[in-house]
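Each chain is listed here by its residues.
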Amino acid sequence: MSAQHDAQHSPSFIGKYIFSQDHKIIGIQFLFVSLAFMVLGGFLAMIVRWQLGFPDKEIPLANVLPTSWNPADPAQYNAVFTMHASIMIFLVIIPILTGAFGNFLIPLMIGARDMAFPKLNMLSFWVGFSGGAVIASSFFVEGGTAATGWTAYPPLSADPQYTGVALGQTLWIVGVLLVGTASIMGAVNYITTIVNMRAPGMHFFRMPLSVWALFITAILQLMATPVLASALGMLLFDRTLGTHFFNPAGGGQVLLWQHLFWFYSHPAVYIMILPSMGFVSDIMSTFARKPIFGYKAMVFSLMGIAGLGFIVWGHHMFQSGMNPTLGTTFMISTMVIAVPSAIKTFNWLGTLWGGAIRFTPAMLHALAFVSTFIIGGLSGIFMASTPVDMFIHDTYFIVAHLHYVLFGGSLFGVFAAINFWYPKMFGRMLNPTVNLVHAVLSFIFFNLTFFPMHILGMGGHMRRIYDPTLYDFLKPMQPMNEFISVNAFILGGVQILFAANFICSLFWGKKAERNPWHANSLEWAAPSPPPHGNWGEKVPTVYRGPFEYSLPGMTEDYMPQDLPGAGAPTPGRTVMTPARS
């Protein structure tokens, strides 16, 4: 992009920062909005933990909270944990992984100037934002928010008489429907961009694993999300038009909802973790100063996990009375997912083996991701086994597994990615000392919070429960509930370190170099932060893969993808397309 084009591209403040069509700004918009919802979702988690740890004590400052946030009434407790899960899944993890990092990274990592459809990209953010606003508005309507759990099982969700929530549940359905529509828009854009707009020389098997992970995730979103959207539409009709798709009072089938919901929501688990797998792979290779171990095996493992994820939804329904033969097929197919997952784990360990490891905050979070993913993956095998699942179903063992995968997996991946790409996003460096402390404390208190939940679950502690002390067999476990809650509060408090560092570094952080980590992938060839259009007059040419570290005979221990090497063949085409204005 020429300086002349830069001069021509001078949008107003609203055009640049509000209704921007630049993929980087849209990615940052997704990031900021998702982090804001993370604060809200985390705060609701603290309320849940206070109630479970100290059910006989009033929540501090409860009198200043909205009525719908105060679980003094058991019905409000249902609403609080429903909104905690809904916000963290639909408004934090998925948008931050795919919306924020998908938007920011894909064009930069493949050498494109922008997404294939910039206006559709802008629309996806605003549709998603509107969905979040609709869901958040349910806190302030009569009857409060949805209170059916994030699974929204009918008949609870189909008929207001069972929960006492009328408009709040309807707003939840409309909001999730909008968020899903935004996901579909984003997926179409990502797939088109990656297939059609790669720089010269950027073969598929030269793409960083972050791009592979986002590409496969987009395919999952495109295939699975319309199923949830259809189910939500049918549920909305049940509530507003008097249809009976799911309401048994009129002949509807509650199991139909469960099949449709889990046909989306099990692949959604991989939508929420595959991008982190890609980020962590790139980060570990960079800070181990070694090529990723088994690059193609890692790609095929991503494909394998995604493909198998589509045929295992029934393992969430072992208790529904399904034919034991059918249950066995779901059990076996679920267990097979352990194979590609193990390949990835061993390849991460192989990447670390013998490496010159740099323990940066990003690397520590990446290591935390692998550690917690192993624990979450192993506990998943228990649930895949039908006879074991019968015993632990709907207990705190499930809560522990879920959080090891979606907090330990997804969010440690998010923290790693923010630490790694923050300099490229904002042109500033985060304070490494503060974030080292944040990484270590987060890992310690995460495990102290969630690992004991396995023990509670094995003791029969129910998953959705208002006051454990009401049950005699749970009273001996109450000290463990208090221990978990105290550690959860400390874990929440530790996040203030990260938030303060994130905000302060935007203004006072050290200015970032173009390539502060001496990494190879293409985004580090662009200035920090990249200008509109990302590149100069020509997009870069790619000569090799992104993992060429510590090559024998080289003076530097890295070799960027766009650096011509002796004897490297030059791709046959040169792209000089101007940036979109």
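Predicted model only: the values in this text are computed from it and were never measured.

Q: Whenever I open this one, empty space enclosed by the protein confuses me. Can you help?
A: Counted according to the given criterion, the structure contains three cavities of 30 Å³ or more. A volume near 240 Å³ is recorded for the largest cavity. If you trace the largest cavity, you find 20 residues lining it, with Phe30, Pro95, Gly128, Val179 and Ala182 closest to the centre. Mapped onto the lining of the largest cavity, the elements with two or more residues apiece are helix H3 (23-53), helix H4 (74-110), helix H5 (118-137) and helix H6 (167-196). It is H4 that provides the largest number of residues to the lining of the largest cavity, a total of six residues. In terms of residue class, the lining of the largest cavity is built from twelve nonpolar, eight polar and no charged.

Q: Help me understand the packing of aromatic side chains in this model?
A: Following the criterion strictly, the structure yields 56 aromatic pairs and no others. Seen in terms of ring centroids, Tyr77 and Tyr466 are 5.9 Å apart; in terms of plane orientation they differ by 65 degrees. Their pairing is edge-to-face. Note that Tyr77 is positioned in helix H4 and Tyr466 in the loop between helix H16 (432-458) and helix H17 (478-508), a separation of 389 residues in sequence. Judged by its relative accessible area of 22%, Tyr466 falls in the partly exposed class. Each ring, one from Phe415 and one from Phe498, has its centre 4.9 Å from the other, and the planes form 70 degrees; the classification is edge-to-face. In this pair, Phe415 is assigned in helix H15 (residues 396-426) and Phe498 in helix H17, connecting sequence segments 83 residues apart. You'll find Phe415 and Phe498 in the same group, each marked buried. Through pairs of rings, three or more aromatic residues link up here, namely Phe90, Trp150, Trp172, Phe245, Phe246, Trp257, Phe261 and Trp262. For the cation-ring pair, Arg198 lies above Phe204, with the distance from its terminal atom to the ring centre recorded as 4.0 Å. The ring of Phe205 has Lys296 sitting right over it, with the charged end atom 4.9 Å from the ring centre.

Q: Could you clarify how one ought to interpret helix H9 (residues 274-288) in this entry?
A: An α-helical segment advances 3.6 residues per turn. Residues three or four places apart therefore align on the same side. The end-to-end C-alpha distance of H9, which contains 15 residues, comes to 21 Å, matching closely the 21 Å that a straight helix rising 1.5 Å per residue would cover. For H9, the buried fraction is high: 15 of the 15 residues fall into the buried class. At the C-terminal side of H9, Arg289 shows a positive phi close to 55 degrees.

Calculation rules
- Residues numbered from 1 in each chain as written.
- Predicted model: local features only at pLDDT ≥ 70, side-chain atom pairs only at ≥ 80, totals over all residues.
- Heavy atoms only, no water.
- 1 Å grid on protein atoms, 1.4 Å probe; cavity = no way out; pocket = protein on both sides within 12 Å on 5 of 7 lines; lining within 4 Å.
- Points joined across faces, edges and corners; volume = space filled by probe spheres on them.
- Helix = DSSP H or I, 4+ residues; strand = E, 2+ residues; numbered from the N terminus.
- Nonpolar A, V, L, I, M, F, W, Y, C, P; charged D, E, K, R; others polar.
- Phe/Tyr/Trp six-rings, centres within 6.5 Å; stacked < 30°, edge-to-face > 60°.
- Buried < 20%, exposed > 50% of the residue type's maximum accessible area, 1.4 Å probe, protein only.
- Lys NZ or Arg CZ within 6 Å of the ring centre and 35° of its normal.
- Expected span 1.5 Å × (residues − 1).

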